[in-house]
Amino acid sequence: MSVRSGEADRRVAGKPWDRLWRDVNIVTFDPNIAAPYGAIKKGAIAVSGSQIAWLGKDEEVPAQLSPETEVISVGGRWMTPGLIDCHTHIVYGGSRANEFEMRLRGIDYVRIARQGGGINATVAATRDADKNVLFQQARQRITCLQQEGVTHIEIKSGYGLNILHERKMLEVAAALADSCNIGVTKTFLGAHAVPPEFQGNKNNYIASVCRQMLPTLYSEGLIDCVDVFCEHIGFDVEQTERVFQAAKALDLPIKIHAEQLSRLGATALACRYKAVSCDHLEYVNEADVIAMARAQSVAVLLPVAFYFLREQHPPPTALFRQYTVPMAIATDCNPGSSPCTSLLL
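Residues numbered from 1 in each chain as written. Predicted model: local features only at pLDDT ≥ 70, side-chain atom pairs only at ≥ 80, totals over all residues. Heavy atoms only, no water.

With that out of the way, let us pick up the sheet that holds strand β12 (residues 298-301). Each strand in a sheet pairs with another by means of backbone hydrogen bonds, the pair being arranged parallel or else antiparallel. As summarised here, the arrangement of the 4 strands in space is β10-β11-β12-β13, forming an open sheet in which the pairing is parallel. A strand with exactly one partner marks an edge of an open sheet, and here the two such strands are β10 (255-258) and β13 (327-329). The average angle at which neighbouring strand axes cross in this sheet is 25 degrees, direction not considered. Where β10 lies against strand β11 (residues 277-280), 4 bridges are found, and the strand directions are parallel. Looking at the pairing, I256 lines up with C278 of β11. (Pairing = 2+ DSSP bridges. Helix = DSSP H or I, 4+ residues; strand = E, 2+ residues; numbered from the N terminus. Axes fitted to C-alpha atoms, helices over the stretch in contact; angles between N-to-C directions.)

Tallying each qualifying case throughout the model produces 1 cavity of 30 Å³ or more. Considered as a void within the structure, the largest cavity measures approximately 130 Å³ in volume. The wall of the largest cavity is formed by 14 residues, among which H89, Y109, H192, N334 and S337 lie closest to the centre. Of the residues contributing to the lining of the largest cavity, the split by class is 4 nonpolar, 8 polar and 2 charged. (1 Å grid on protein atoms, 1.4 Å probe; cavity = no way out; pocket = protein on both sides within 12 Å on 5 of 7 lines; lining within 4 Å. Points joined across faces, edges and corners; volume = space filled by probe spheres on them. Nonpolar A, V, L, I, M, F, W, Y, C, P; charged D, E, K, R; others polar.)

A word on unusual backbone geometry. Phi is positive for E259, close to 55 degrees, though the residue is something other than glycine. One can find E259 in the loop between β10 and α9 (266-272). E259 gets classed as buried once you look at its relative accessible area, which sits at 1%. Even without glycine at this site, T324 takes up a positive phi of about 50 degrees. Structurally, T324 is set in the loop between α12 (317-322) and β13. For T324, a relative accessible area of 65% gives the class exposed. (Buried < 20%, exposed > 50% of the residue type's maximum accessible area, 1.4 Å probe, protein only.)

Attention now goes to the layout of surface pockets. Computed from the structure, the second largest pocket encloses a volume of approximately 310 Å³. Residue lining of the second largest pocket: 18 residues in total, with A113, N120, V194, Q199 and I233 positioned closest to the centre. Elements supplying a minimum of two residues to the lining of the second largest pocket: α3 (109-114) and α4 (119-128). Per-element accounting of the lining of the second largest pocket gives the leading share, 3 residues, to α3. Looking at the lining of the second largest pocket residue by residue, the class counts come to 7 nonpolar, 9 polar and 2 charged.

Let us now look at the side chain of T331. The topology assignment puts T331 in the segment after β13. Polar contacts involving the side chain of T331 include one to the main-chain amide nitrogen of C333, which spans 3.1 Å. (Polar contact = N/O pair within 3.5 Å; in protein donor to acceptor, adjacent residues only side chain to side chain.)

What follows concerns the sheet that holds strand β7 (residues 150-156). The 4 strands are arranged β6-β7-β8-β9 in an open sheet whose pairing can be described as parallel. Each edge of the sheet is formed by a strand with only one pairing partner; in this case those strands are β6 (83-85) and β9 (225-228). Across the sheet, the axes of successive neighbouring strands diverge by a mean angle of 25 degrees, strand direction being ignored. Where β6 lies against β7, 3 bridges are found, and the strand directions are parallel.

For the rest of this paragraph, the subject is the pattern of salt bridges. For the coordinates displayed, the defined rule picks out 12 salt bridges. Between E70 and R19 there is a salt bridge; the shortest N-O distance is 3.0 Å. Taken as a pair, E70 in strand β4 (residues 70-73) and R19 in strand β1 (residues 19-27) lie far apart in primary sequence, 51 residues in all. You can call R19 partly exposed: its relative accessible area is 30%. (Salt bridge = Lys/Arg side-chain N within 4 Å of Asp/Glu carboxyl O.)

Turning next to helix α6 (residues 163-180). Taking 1.5 Å of rise per residue, the 18 residues of α6 would be expected to cover 26 Å, and the 25 Å separating its terminal C-alpha atoms lies within 8% of that figure. Buried residues of α6: I163, H165, E166, K168, M169, L170, V172, A173, L176 and C180, and no others. Looking at the packing, one finds that the buried side of α6 touches α4, α5 (131-146), β7, β8 (183-191) and α7 (202-219). Directly after α6, the chain includes N181, whose backbone phi takes a positive value near 55 degrees. (Expected span 1.5 Å × (residues − 1). Contact = heavy atoms within 4.5 Å.)

Moving on, we come to the packing of aromatic side chains. Summed over the entire model, instances satisfying the criterion amount to 6 aromatic pairs. When the centroid spacing of 6.1 Å and the interplanar angle of 80 degrees are considered together, the rings of F29 and Y37 count as edge-to-face. Side by side, F29 and Y37 carry an identical accessibility label, which is exposed. These aromatic residues form a ring-pair network of at least three members: F198, Y205 and F235. Sitting over the ring of Y92, R141 keeps its end group 3.7 Å from the ring centre. The ring of F235 carries the charged tip of K202 above its face, separated from the ring centre by 5.8 Å. (Phe/Tyr/Trp six-rings, centres within 6.5 Å; stacked < 30°, edge-to-face > 60°. Lys NZ or Arg CZ within 6 Å of the ring centre and 35° of its normal.)

This next bit is on the pairing of strand β2 (residues 39-48). In terms of burial, β2 is a largely internal element, 8 of the 10 residues being buried. Sheet topology places β2 next to strand β3 (residues 51-57); 6 bridges connect them, and they run antiparallel. Within β3, the position partnered with A46 by the bridge is W54. A loop of 2 residues connects β2 with β3, the two strands running antiparallel in sequence, and G49 in this loop sits at a positive phi of about 65 degrees.

By themselves, these observations are geometric and do not establish any function.
Structure below.
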């Protein structure tokens, strides 16, 4: 919704309010309001059609209201703008609950991946699932997020790892936007892992990502953003840069899974390409944070994955604050390291 407030805007609207919430604490993020988060306590907010028609102090609500206006007393609860889950892998097939048991027995994430689990286990299940199955399962997960106030979600591909199944995932993501009445950003994560048919030949797979999958799926209107998993069990800095170059040739914004399990220099690389965000960031150092500040890149923190994998090296939030790097929190919803559909959690 767009926002209109004040007496003049009520006259411009020229029609009755459909609904008025009263006795509500409103988070406006209006920089002209001195309170934290631009908060208005004991406020009121009115809607006309799909537009916020008025907001302000409850005591300033006009005495004369249209009898057509539905009035709801909120009882002092808080109302915020819609929440955004900016990092998810919410479209996937299968389950990896067995891997949780393996971790409880002391087998770490890297060893599980090398034993045939991890991302490629989900790739196999996702390839086997048809679009309807993927759609129905993802819709249930999105419903959980919507019940907590999420109105926009980023959905990554990356469990198809060939053009047929990456297309399938991205088409499901697009269909979810229409069906669930939610904003969706479709992120191409073809460089998520090496699929079985390219085992032992990462460079050839990256060539397929850059020369075939990315330009073709972009031409079909299925890609809004590009991401890479830069890690020892993913792709190195040089391979990541090849994907970034291909994305920039199409004028697509980039994101990165960076420094989650080790420090490879992924964040510094992403900042040279003005990444929209760098995500995970458990192993970034001060130089990386300074680079993020200069690039105006957002630090996306994924705490459920951190705790679920029993990591011991948290991201340096104090440095992000020191250098005024914006921080966002997302669910990282995925079957292996963050089976979470609660942004509030």
